Amino acid sequence: MLTARAVSALMFVFALIGPAVPEALADRELCDGRDTDLDGTFDEGCPAVCADPRGPGAEQVLTPPNVAGVVGRDRSLVWDGSRLAAVWVQDALNEDTVFFRRADASGRAQGSPLPIFVGPLEADPVVAWSGNGYGIVWSDEDFGLPRVLFAHVSTAGVVTVGPIQISKLGDEGTRPAIAWDGEAFTVAWSWYNQRVHMRRVTPFGVLLGTEGCLNCMQSTGTGEVSIAVSQTGTIGYAYGDNRGGIAFAQTDKNFVPQGPIFPVVTTVAADFPSLVWDGSAWGLSWSDRRANPEEAVWFNRLSTVPAKLLALDVKLSGSESKNSQSSLVWTGAEFMAAWIGGNGPQYSVLLRRVDASGTLLGTLRSFPASNYSRCHTTLVWTGSRPVVLRDDDLFAANSPISLRMIACCSDRDGDGVSWCDGDSDDSDATIKPGAPEVCDGLDNDSDGSLDESGCDRSCVGATLVDEETLAAAGSAEVAVAARGATSFVARDNEPAAGVQLALDRGGPPWSLSPLESDLAISDQPASTWAGDRSVTVYRDLRSTQPQLRVSTRDINNAALTLDETLLAPGDAVAAPTIAWSGRRALVLFRAGTSSELRYTLLTPELGKLIDDARLTQDGAGAPNAFAVSRDPRGGFAAAWIEPATGRVLFARIDNEGGLASGPTELASAAAGRSEVAVTGTSSGFVVMWNDTVRAIDIAGNPSGAPAAVSALGNNLSLLWSGAEVTLLSRSAAGGTASRRQFGEAGELLSSSRVPLGVDLSVGPLRGAWDGFGARVAWTYAQPGGSRFVKTARIDCQQSKPATVATLQRGANKNQWTWSSVEGAGVTYDFISGNLATLRATNGNFTAAVDTCEVNDTVATQIDVPSNRPAPRFFLVRARAFAQDGSYDGEAGQVTSRDASIAASASACP
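Draft legend 1. Spotlight on the overall build of the chain. When helices and strands are counted, the chain shows three helices and 65 strands. Looking at the chain residue by residue over its 909 residues, the buried ones come to 59%. The contacts in the chain between residues at least 6 apart in sequence include a share of 50% that link residues at least 24 apart. Put simply, the chain shows about 32,600 Å² of open surface, and 52% of that area lies on carbon and sulfur atoms.

Draft legend 2. Representation of the sheet that holds strand β28 (residues 386-390) in the model. Taken together, the four strands give an open sheet; going across it, the order is β2-β29-β28-β27, and neighbouring strands pair in antiparallel fashion. What marks the edges here is a single partner per strand, and that holds for β2 (60-61) and β27 (377-381).

Draft legend 3. Broad picture of the state of the cysteines. Across all of its chains, the model carries five disulfides by this definition. Note on cysteine connectivity: C459 is disulfide-linked to C796, with sulfurs 1.9 Å apart. Between C459 and C796 the disulfide shows an S-S torsion of about 105 degrees. By sign, it is right-handed. In this pair, C459 is assigned in the loop between β30 (407-408) and β31 (463-473) and C796 in the loop between β58 (787-795) and β59 (806-809), connecting sequence segments 337 residues apart. Among the residues examined, C796 registers a relative accessible area of 1% and is labelled buried. The disulfide partner of C852 is C908, and the S-S distance across this bridge is 1.9 Å.

Draft legend 4. A look at unusual backbone geometry. P163 follows G162 through a cis peptide bond whose omega is 5 degrees. Omega for the peptide link from V305 to P306 comes to -5 degrees, which places this bond in the cis form. Here P306 shows up in the loop between β21 (294-302) and β22 (314-315). The phi dihedral of N715 falls on the positive side, at around 55 degrees, and the residue is not glycine. By the secondary structure assignment, N715 is in strand β52 (residues 714-720).

Draft legend 5. Main features of the nonpolar core. Ranked by internal contacts, the top residues of the largest apolar core, which has 35 residues, are L84, L403 and L588. The residues contacting L403, other than those within four sequence positions of it, are E59, Q60, L62, L77, L84, A103, G107, V387, V388 and L389. Ranked by size, the runner-up nonpolar core spans 31 residues in total, among them A238, W277, W282 and W330.

Draft legend 6. Quick look at the environment of R301. The residue R301 is located in strand β21 in this model. Between the C-alpha atom of R301 and that of G358, which follows or precedes it by 57 residues, the distance is 7.0 Å. Side-chain polar atoms of R301 contact the side chain of D278, separated by 3.2 Å. Looking at R301, its side chain comes within polar contact range of the main-chain oxygen of A356, at 3.1 Å.

Draft legend 7. Geometry of the pattern of salt bridges. Tallying each qualifying case throughout the model produces 39 salt bridges. Between R54 and D52 there is a salt bridge, with its nearest N and O atoms 2.9 Å apart. Residue classification places R54 among the partly exposed positions, given a relative accessible area of 28%. Between D288 and R290 there is a salt bridge, and its shortest N-O distance comes to 2.8 Å. Judged by its relative accessible area of 2%, D288 falls in the buried class.

Draft legend 8. Representation of the packing of aromatic side chains in the model. As enumerated under the stated definition, the model contains 17 aromatic pairs in all. Judged by centre distance (4.9 Å) and plane angle (70 degrees), the rings of W180 and F185 are edge-to-face. Note on W180: relative accessible area 24%, which makes it partly exposed. In this structure an aromatic cluster arises from ring pairing among F100, W129 and Y134. The aromatic ring of W298 is capped on one face by R290, whose charged end is 3.8 Å from the ring centroid. A cation over an aromatic ring shows up here: R583 above the ring of W419, its NZ or CZ 3.7 Å from the ring centre.

Draft legend 9. Expanded view of the side chain of R775. When you line up the elements, R775 lands in strand β57 (residues 773-781). Take R775: its relative accessible area is 6%, and that puts it in the buried class. Of note is the side chain of R775, whose polar atom sits 3.1 Å from the side chain of D770.

Draft legend 10. Just the environment of E675, in detail. Its place among the elements puts E675 in the loop between β47 (659-667) and β48 (676-680). Once the C-alpha coordinates of E675 and W640 are considered, the two residues, 35 residues apart in sequence, prove to be 8.6 Å apart. In this structure E675 touches A625, I641, M688, W689, N690, N714, N715 and L716, once residues within four positions along its chain are discounted.

Draft legend 11. View of the sheet that holds β52. As summarised here, the arrangement of the four strands in space is β52-β53-β54-β55, forming an open sheet in which the pairing is antiparallel. Two strands in the sheet have a free side with no partner beyond their single neighbour: β52 and β55 (754-755). Two elements, strand β54 (residues 737-742) and β55, share two bridges in a ladder whose sense is antiparallel. Its bridge partner lying in β55, R739 is registered against V754.

How each quantity is defined
- Residues numbered from 1 in each chain as written.
- Predicted model: local features only at pLDDT ≥ 70, side-chain atom pairs only at ≥ 80, totals over all residues.
- Heavy atoms only, no water.
- Helix = DSSP H or I, 4+ residues; strand = E, 2+ residues; numbered from the N terminus.
- Buried < 20%, exposed > 50% of the residue type's maximum accessible area, 1.4 Å probe, protein only.
- Contact = heavy atoms within 4.5 Å.
- Areas by Shrake-Rupley, 256 points an atom, 1.4 Å probe, with all protein chains shown as cover.
- Pairing = 2+ DSSP bridges.
- Disulfide = S-S within 2.5 Å.
- Core = buried A, V, L, I, M, F, W, Y, C linked by side-chain atoms within 4.5 Å.
- Polar contact = N/O pair within 3.5 Å; in protein donor to acceptor, adjacent residues only side chain to side chain.
- Salt bridge = Lys/Arg side-chain N within 4 Å of Asp/Glu carboxyl O.
- Phe/Tyr/Trp six-rings, centres within 6.5 Å; stacked < 30°, edge-to-face > 60°.
- Lys NZ or Arg CZ within 6 Å of the ring centre and 35° of its normal.

Printed below as a string of structure tokens:
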């Protein structure tokens, strides 16, 4: 029985036209659970729901391990858009030190712990991110008087301000809290368990306005304080009343009260509030003993002025007897709270989700911790995952500060398998473990290999199909993406000064659509196929400073997003490259005054998970060349040439934007290196530069010795077919385009360069693997200076795909004819079904196919009775090259369609 049928001809007598997709907003903010761009919305295009949180792997320890007498305690954590930053108190030899340290998006510590302050401390250090640095506050003891101190650390990890005292004499206090209010850091603290005082301070250490007091006119006391800021600048305060209860207040930036202080809890002992803003209301968690002796964690939402509770209190904790010091975050769509809880003697990090209305979601999740003794936690949301920072045991000999990285294992494409369970592309329901592998350039069965099920992928000696010359272009840049039989070529469309980028879908024939919403001056496109869409990034020159922009289109070339800003003007961005991992898109580019190497990590909907992170150090200078590729096992690989030395470096970046390994030196210093390319393979990676090939293992380490190969050429580009590496390059002399074949260990398979054409003055070549060959495009100059875009296909299957069938109507029968698929032993099925059912079920062929017109015929012509119930669709499926499937010349091979057809009881056996 036939399963998925691949190299065949699908012949529809109708066109499937999808609904128009509205253009998205122009600018994308950072994925961080906050309204970063202050437009009133949260995290457009970001994965704001963590439906299946899990905690794989060991915790990442930030404090020095196994140091006798060192106790880490009193900690705080913040996410800055590309890194985590933690502060904590470390006790050693009766001396207290406030430390600061950063970790990448995967929790790997960066640099050594940075001491901020040494001396006797009174209360926790806490940290906040301003968008351009970190504000840190804490309380020390100065002859018995606790002072509130402030310091500022730059994005480079250097202390730029402080410590300075921000509490005035007589108002010293403890338990400080800090938040960025859009203009300055707002700091609040508790004065001797009586009053809440506030002060604003700039990143430069300038105190603004006067000190405020929240409850000086009331006879209430205070405990722990938590503050948050709305997008309008209103500051919310929640604090524990040491007489029993939780209170809430609001002020403007000048500390003018906005309504009266509101009592949240009044009847039981309560403390440790955690306050966040969700875009329309305040979310609050706390712990109390209303079920004495049980200490439980509770949640509620509060309105703005006038403040009131929006629902009944919701209990977050379960049956544990001890639950304390919760930390609450807003993801852009839901709340999450984390705390330490349990019944002893072992305790866990507990996590609970709550929807925007205050309803519990999912189940209470537990992650391993250690012995409990006033153990603290801080929870942050990175835009794609929650992260918990915790200390271990205040009274232990060693109490490390640890990061628990929690994975959100949501099944985004609805195929029943999440990426945590092995789905290598959770944006495509046809890709998952156990799915049929077909020849389409994709890892259908998620095993790390491409097209391994009998596809003829040997390109040694393959023919070149010269497809079409596209219109004149104003510059040399071109980009290619492919999805099965359909390719996308991004290119310049206007030869005049106002260069507009366009996307050709083919092909051939090609259909042209714009990538920009106006006639901007843009260049340097780079493209990839990401899930269900093509993504093109490019440099936009419409202002005095270039900016990085992006557009996406679906398989039919309809705009999903058009002309959106990734990086605003002012940072000299250039030469963007892009790769798709199956979960994320990574854009690698040069930027900054010294053009160091940076990257931005995107969701399929273009939400920014990592914004403008550095792969090389600030001020390192522009790399001579750089390249990025997908790692078939997940994540990305990057290679670049160091500008000052010519060293070749390699690094792996994971799906959260953290460095999985490297940078690793592949070649020591040498002059004259100017070209580099990288591709992932089944067993690792292949990197090429100038005249050298180097294989890299899965862990990112060099494998074997580098191989010297003469005349690799210029403008190197690598494609992985699943069995071979295809090198695209142009000759140093004359610029003619050519290719060579290598194995995944870097061994040479073709003895010489195979020309792709005779065109001279060829610009950079770009290509994409489509399952049976490589789609290639390049620009070339004709006499007189005019530039054209050449498209071609390296036909590694050694045969042409079938073409669309033709219909000749008769009185009692209709005759269908189609062209043959070259090769021996090819047979065909001809199937029909109800078009209305197909449309009503949104393309469900299992339900729509109702007739097998002919099974396993060798003929390319069939007569079908003309009285079949209308409306009808007809299609041809062919068995060729030991492969099964369907092909339509337009949408290409569609795995889900093939599987759906095979599942129909009326399909041909």
